[in-house]
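Architecture and fold: a report
The primary structure of each chain is shown beneath.
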Amino acid sequence: QVWLVESGGGLVQAGDSRRLSCAAHGDTACISSMKWYRRAPGKERELVASITTTGNTWYTGAVEGRFTISSDNAKDMVELQMNSLKPEDTAVYYCNTETGPPCAERWIEIWGQGTPVTVSS
């Protein structure tokens, strides 16, 4: 079993920086790429950034150049460094990964509890 714990959310001002962390616990041997999603008030959840086990990264256009995703595989941790924050970045941020065979019978998606980020103008 795997569970994810996020931290680092809070209230910041536009232009500030914030770093979110996500620690994976449990049987982490089979987890795949790790991702950050966010759900802004009144909007659908969206994928913000992802990083594969080999370090390849992807960003949605709205955050490219401002956010950086990184991972420490030895510590089973992924971080999201958010710079030049904007009010439209206000959302609950969720960490996400998958685990599967041989650690689980099938591939299953794992979600953290979410950490809120509020950017004031």
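Structure report, in brief. (Residues numbered from 1 in each chain as written. Predicted model: local features only at pLDDT ≥ 70, side-chain atom pairs only at ≥ 80, totals over all residues. Heavy atoms only, no water.)

What follows covers the packing of aromatic side chains. In total, this model carries two aromatic pairs according to the counting rule given. Ring centres of Tyr37 and Trp111 lie 4.9 Å apart, and the angle between their planes is 55 degrees; this geometry places the pair in the tilted category. You can see Tyr37 sitting in strand E4 (residues 34-39) and its partner Trp111 sitting in strand E10 (residues 108-111), a full 74 residues away along the chain. Each ring, one from Tyr94 and one from Trp111, has its centre 6.4 Å from the other, and the planes form 85 degrees; the classification is edge-to-face. Taken together, the positions of Tyr94 in strand E9 (residues 91-99) and Trp111 in strand E10 put the pair 17 residues apart, joining distant regions of the chain. Looking at Trp111, the relative accessible area reads 29%, which means it is partly exposed. In this structure an aromatic cluster arises from ring pairing among Tyr37, Tyr94 and Trp111. (Phe/Tyr/Trp six-rings, centres within 6.5 Å; stacked < 30°, edge-to-face > 60°. Helix = DSSP H or I, 4+ residues; strand = E, 2+ residues; numbered from the N terminus. Buried < 20%, exposed > 50% of the residue type's maximum accessible area, 1.4 Å probe, protein only.)

Turning our eyes to something else, we now look at the state of the cysteines. Under the counting rule described, the total for this entry stands at two disulfides. Across a sulfur-sulfur distance of 2.1 Å, Cys22 and Cys95 are joined as a disulfide pair. Because the torsion about its S-S bond is -85 degrees, the bridge between Cys22 and Cys95 counts as left-handed. Placement of Cys22 in strand E3 (residues 18-26) and of Cys95 in strand E9 is noted, with a sequence separation of 73 residues between them. Summarising the burial analysis for this pair, Cys22 and Cys95 share the class buried. Between the sulfur atoms of Cys30 and its disulfide partner Cys103 the distance amounts to 1.9 Å. (Disulfide = S-S within 2.5 Å.)

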